[in-house]
Amino acid sequence: MPDRITKENNNNNNSNNSEVETKDLSKVDINKFLKMNTVKCNVFIQLGSNKFIKLINANELYDLDLIKRYINKKIEYLFIPKNNFKSFMDEYSGNLSAILNSTDVNNDDNKITIQTEVLTSARNRARVFGIDDDVVNQATATTNSVFSMVQKQDNLSSLLKKMMQKKNYISEHSMLISVIATYIATNMNWIGESTIQKLSMAAMLHDVLLKSDELAMIDNINTPVFEGLSNHDKKAVLDHPYKISLLVDEIQNFLPDVAEIILTHHETPEGDGFPKKMSALRTTQLSCLFIITEDFVNHIYNLEKATAEEIEKIESYCKERYSKGNYRKPLEGLLKTTQRMKLGQ
Ligand SMILES: [Fe+2]
Ligand SMILES: [Fe+2]
């Protein structure tokens, strides 16, 4: 039977009868507890506005069925002491990366689900703690996992379909960019692993600080959607390429060029993008590849079905828009990739 925690009891968070105020606790998505089986701190469940029950003792092995029962009862969050939040998140992200690296995950659908979770956890973490080692490790684990899936995959169309689960826009969007960029780079004979790694890492991190799908979906600021945002959100959109690239730049011994790709991911071939309004000649080929890829991914993500006819329409749009400057070569790489997709390969 769990211990009842009330305001009348004493002050020690780790004791069985502690006083636990909401302000002393951090809420944690209950689903996270399905990815662990012990936690280094006590875990509480909320019963009323100020009433908490200790559900799991620190360091005690718990049964996942217990968590599933509460999920079925529509409980969305469990609570842990605020001062344990960072170490909890470290433990959780370590577990996720280990699951992703484990050879047990053979099925693509399961792999994609875990990749999405790892990336979402990286994003949640980055928004609280910045881009620290754990965020980088999680992004790297996802990058490696996606790359190994691409290498084993002989059907791009079916891989893309599996990745578009329409459940978590930012994570799916990032993974799709990583896959398509890998294909385009390979088609351009940029087969060096480090080029693909740079593009994939940029894909995983480029929108990592944005708080919502709505903001991440904006790729053009001359639209009513952008105009309709609050000033705070407009600033978040306008600043994110610069802010994220600065943080990436500060990571020691990190892959070169990733910060530059992130900084330029909202530039355009017309030279009216943000933050720098860079022309098609000033933007590097690597950045141009990323920009084309993101535009293409935005188009296919919204398709009901990626038929040959629909893909041809996107090809025409891309040819019209990207046949200039440093965009030319990546465009050729994209067209070779879409050729495969039209053939259902
Ligand atoms: Fe994006
Ligand atoms: Fe972005």
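The sections below set out a description of the structure shown in this document. Here the structure is a predicted model, which means the values were calculated and not measured. (Residues numbered from 1 in each chain as written. Chains lettered and ligands numbered in written order. Predicted model: local features only at pLDDT ≥ 70, side-chain atom pairs only at ≥ 80, totals over all residues.)

### Concerning the overall build of the chain
The helix and strand inventory of the chain stands at 14 helices and five strands. Of the contacts formed within the chain by residues at least 6 apart in sequence, a portion of 67% connects residues at least 24 apart. (Helix = DSSP H or I, 4+ residues; strand = E, 2+ residues; numbered from the N terminus. Contact = placed C-beta atoms within 7 Å.)

### Thoughts on the environment of Asn-137
Structurally, Asn-137 can be placed in helix 4 (residues 133-152). The spacing of Asn-137 and Ala-122 is 15 residues in sequence and 8.7 Å in space, taken between C-alpha atoms.

### Looking at helix 2 (residues 85-101)
In this model, helix 2 (17 residues) spans 24 Å end to end at C-alpha, consistent with the 24 Å of a helix rising 1.5 Å per residue. When we look at burial in helix 2, the residues that qualify are Met-89, Tyr-92, Ser-93, Leu-96 and Ser-97. Down the axis, helix 2 shows its buried residues gathered within 130° of arc, on one side only. Across from the buried face of helix 2, at angles greater than 90 degrees, the exposed residues are Ala-98 and Asn-101. Contact partners of the buried residues in helix 2: helix 3 (108-129) and helix 4. (Expected span 1.5 Å × (residues − 1). Buried ≥ 20, exposed ≤ 12 C-beta atoms within 10 Å, placed from the backbone. Arc of directions from axis to C-beta.)

### Things to note about the pairing of strand 4 (residues 51-56)
Two strands pair when backbone bridges link them, and strand 3 (residues 43-48) and strand 4 are joined in this way by five bridges, in the antiparallel orientation. Paired with Ile-45 across the bridge in strand 4 is Ile-53. A loop of two residues connects strand 3 with strand 4, the two strands running antiparallel in sequence. (Pairing = 2+ DSSP bridges.)

### Topic: the nonpolar core
Note that soluble globular proteins tend to have their nonpolar side chains buried in a common cluster. Of all hydrophobic cores here, the largest spans 53 residues; its most connected members are Ile-180, Ala-181, Ala-202, Leu-205, Ile-262, Leu-289 and Ile-292. No other element matches the nine residues that helix 6 (residues 169-187) contributes to this core. Contact partners of Ala-202, with chain neighbours within four places excluded, come to Val-258, Ile-261, Ile-262 and Phe-290. Of all hydrophobic cores here, the second largest spans 11 residues; its members include Leu-25, Val-43, Leu-78 and Phe-79. (Core = buried A, V, L, I, M, F, W, Y, C linked by C-beta atoms within 7 Å.)

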